[in-house]
Amino acid sequence: MNDFQKEFMQRLSVIQEKNVQSLFAKNRSDKETENLLYDLSFELITDILTLLDGYDSEFKYKLFVMNENGENLKENPFIELHDQCEDFLKFSE
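Here the structure is a predicted model, which is why all the values come from computation and not from measurement.

**Student:** Explain the side chain of Glu 34 here, please?
**Tutor:** Relative to the helices and strands, Glu 34 resides in helix 2 (residues 31–53). Exposure remark for Glu 34: the relative accessible area of 10% places this residue in the buried category. A polar contact of 3.0 Å, which involves the side chain of Glu 34, links it to the side chain of Lys 31. Sequence-distant contacts of Glu 34, defined by excluding residues within four places in its chain, comprise Val 20, Gln 21 and Phe 24.

**Student:** In this structure, what is going on with the packing of aromatic side chains? I would like to understand it.
**Tutor:** Aromatic ring pairs are described here by two measures, namely the spacing of the ring centres and the angle between the planes. In this structure the tally under the stated criterion is two aromatic pairs. Seen from their ring centres, Phe 42 and Phe 91 are 4.6 Å apart, and the 45° between their planes marks the pair as tilted. Linking Phe 42 in helix 2 with Phe 91 in the segment after helix 3 (85–88), this pair joins segments that are 49 residues apart in sequence. With a centroid separation of 5.5 Å and 65° between ring planes, the pair formed by Phe 59 and Tyr 61 is classed as edge-to-face.

**Student:** Would you take a moment to explain the pattern of salt bridges for this structure?
**Tutor:** Once the charged atoms of two side chains with opposite charge are near each other, the side chains can pair. Under the definition given, this model contains four salt bridges. Among the ionic pairs, Lys 90 bridges to Glu 17, the shortest N-O distance being 3.1 Å. In this pair, Lys 90 is assigned in the segment after helix 3 and Glu 17 in helix 1 (residues 3–27), connecting sequence segments 73 residues apart. Between Lys 31 and Glu 34 there is a salt bridge, with the nearest N and O atoms lying 3.0 Å from each other. Taken together, the positions of Lys 31 and Glu 34, both in helix 2 and three residues apart, correspond to about one turn of that helix.

Thresholds applied
Residues numbered from 1 in each chain as written. Predicted model: local features only at pLDDT ≥ 70, side-chain atom pairs only at ≥ 80, totals over all residues. Heavy atoms only, no water. Helix = DSSP H or I, 4+ residues; strand = E, 2+ residues; numbered from the N terminus. Buried < 20%, exposed > 50% of the residue type's maximum accessible area, 1.4 Å probe, protein only. Polar contact = N/O pair within 3.5 Å; in protein donor to acceptor, adjacent residues only side chain to side chain. Contact = heavy atoms within 4.5 Å. Phe/Tyr/Trp six-rings, centres within 6.5 Å; stacked < 30°, edge-to-face > 60°. Salt bridge = Lys/Arg side-chain N within 4 Å of Asp/Glu carboxyl O.

This is how it looks when you write it as structure tokens:
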């Protein structure tokens, strides 16, 4: 993965952590609820990245995510974004 790709995936990890901990703190829940929130957010983010990867047959557009330098998120090296989730996001095992 290049720096742009790593930064994007790390940012998704920060977004997941912030939202799970915010909801967890508001509800003063147990570990089971915390795991449920991680699993839900993991699945949601994975589905969004699957859409960006072009595997949603109901979505007829091809999407490109580029930074201000014109670097494509999926290129150099080519990656499947949804395959990177397990390396960056939390989920119960």
